[in-house]
Amino acid sequence: MKVAVLHGQKHKGSTYHITKLLVDKLDCAKEDVKEFCANDISDCIGCFQCIIKGEENCPHRSQTEEIIKAIEEADIIIFDSPNYVMNMSGQLKTFFDHMAYRWISHRPHPSMRRKIGVAISTTAGAGAGRVTKLISSQMFWWSVGKTYKIPMAVAAMNWGTVKDKIKIKAEKKTTKVANAINKKYRYVKPGIKARFMFNLMKNMQKSNDYNPVDSNYWKEQGWI
Ligand SMILES: Cc1cc2nc3c(=O)[nH]c(=O)nc-3n(C[C@H](O)[C@H](O)[C@H](O)COP(=O)(O)O)c2cc1C
């Protein structure tokens, strides 16, 4: 099992530690886990080069290429972020902006349909559920086959001050999700909503006369 983790923060707080609780329970060797953090990726400048000319033309490709390669090679992809003002961290969102070309409406990677994605977020009070939904929704649009969410209200500003009761809850939640992943990871199939969306996009690509990079990609994949 290959695992790619993208942290939406550089520091090792509650979010990092809950992700670690999960990763440590997955059936994989340490060398099969590739970890990155989103902090040093430049903002998307909206040049559309990735979408209309090809992703290698992104001016920030050298900052994202290694992460994207690891994600595309992994069986399990994990994204985490603290709740910052009821949203994911800006730096994680910046990474997702750079993945617009991988949306199902453009050039989804064929391996995504067989992957399991996990969205993890912590918050002091409310909002972790909202953040995991936002992260999970990005993965849906990449056509990731199955996603899990781990939202945790930790009532703390750092992992050191999280109460034992909450740490036990985090341990239980991550065990439950890890067990499900370990059991399912070879047998992922996209759900009905994902298949519906794929067929919708397939029909759109058949009559796509505005972006040959996208329509040629769909032809090369043998999808249209
Ligand atoms: C800039 C910023 C914004 C935050 N916004 C919220 C918020 O809207 N609601 C909330 O309950 N906690 C909020 N928090 C608290 C964090 O979500 C919470 O402490 C989280 O567990 C921190 O994770 P970390 O230890 O991985 O950094 C915010 C913290 C920061 C630094």
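Above this note sits the structure.
How each quantity is defined
Residues numbered from 1 in each chain as written. Predicted model: local features only at pLDDT ≥ 70, side-chain atom pairs only at ≥ 80, totals over all residues. Heavy atoms only, no water. Pairing = 2+ DSSP bridges. Helix = DSSP H or I, 4+ residues; strand = E, 2+ residues; numbered from the N terminus. Axes fitted to C-alpha atoms, helices over the stretch in contact; angles between N-to-C directions. Contact = heavy atoms within 4.5 Å. Salt bridge = Lys/Arg side-chain N within 4 Å of Asp/Glu carboxyl O. Buried < 20%, exposed > 50% of the residue type's maximum accessible area, 1.4 Å probe, protein only. Near = heavy atom within 4 Å. Polar contact = N/O pair within 3.5 Å; in protein donor to acceptor, adjacent residues only side chain to side chain. Parallel < 35°, antiparallel > 145°, perpendicular 65-115°, else oblique. Left-handed = near helix turned anticlockwise from the far one by under 90°.

Peer 1: Explanation requested: the sheet that holds strand β2 (residues 33-37) in the structure shown.
Peer 2: Each strand in a sheet pairs with another by means of backbone hydrogen bonds, the pair being arranged parallel or else antiparallel. The sheet built from 5 strands is open, its strands ordered β2-β1-β3-β4-β5 with parallel pairing. The sheet terminates laterally at β2 and β5 (146-153), the two strands that pair on one side only. Geometrically, the sheet is characterised by an average inter-axis angle of 15° between neighbouring strands, direction not taken into account. Relative to strand β3 (residues 76-82), strand β1 (residues 3-7) runs parallel, the two being bridged by 5 bridges. Following the sheet pairing, Val3 is matched in β3 by Ile76. Its contacts with the sheet place helix α4 (residues 90-98) against β1 and β3, and it is angled at close to 140° to β3. The strands touched by helix α5 (residues 128-141) are β3, β4 (116-123) and β5; relative to β4, the strand with the most contacts, the crossing angle is about 155°.

Peer 1: What is the right way to look at the pattern of salt bridges in this model?
Peer 2: When the charged atoms of two side chains lie near each other, side chains of opposite charge can form a pair. Under the definition given, this model contains 9 salt bridges. Note that Arg102 is salt-bridged to Glu55, the shortest N-O span being 3.9 Å. In this pair, Arg102 is assigned in the loop between α4 and β4 and Glu55 in the loop between α2 (49-52) and α3 (61-73), connecting sequence segments 47 residues apart. Residues Arg102 and Glu55 agree in their burial class; the two are buried. Across the salt bridge formed by Arg107 and Glu55, the nearest N and O atoms sit 2.9 Å from each other. Note that Arg107 is positioned in the loop between α4 and β4 and Glu55 in the loop between α2 and α3, a separation of 52 residues in sequence. This pair shows no difference in class: Arg107 is buried, exactly as Glu55 is. Through salt bridges with shared partners, a single ionic network connects Glu55, Glu72, Arg102, Arg107 and Asp214.

Peer 1: What exactly am I supposed to notice about the site of the ligand here?
Peer 2: Lining the immediate surroundings of the ligand are 17 residues, of which His11, Thr15, Asn83, Thr122 and Ala156 lie closest. For the ligand, an oxygen atom lies 2.7 Å from a polar atom in the backbone of Asn83. With respect to the ligand, the backbone of Ala156 contributes an N or O atom lying 2.7 Å from an oxygen atom. Broken down by secondary-structure element, the contributors of at least two residues to the shell around the ligand are α1 (14-23) and β4.

Peer 1: Where do I start with the packing of α1 against helix α6 (residues 164-184) in this structure?
Peer 2: For the pair α1 and α6, interaxial distance at closest approach is 8 Å and the crossing angle is 45°. Regarding the angle of α1 to α6, the classification is oblique. The way α1 lies across α6 gives a crossing that is right-handed. On α6, the residues that touch Ile18, Leu21 and Leu22 of α1 are Ala170, Glu171, Thr174, Val177 and Ala178.

Peer 1: For this particular structure, what's the right way to read the environment of Pro59?
Peer 2: Among the structural elements, Pro59 can be located in the loop between α2 and α3. Classification of Pro59 by relative accessible area gives partly exposed; the value is 47%. Apart from residues lying up to four places away in sequence, Pro59 is in contact with Ile45 and Cys47.

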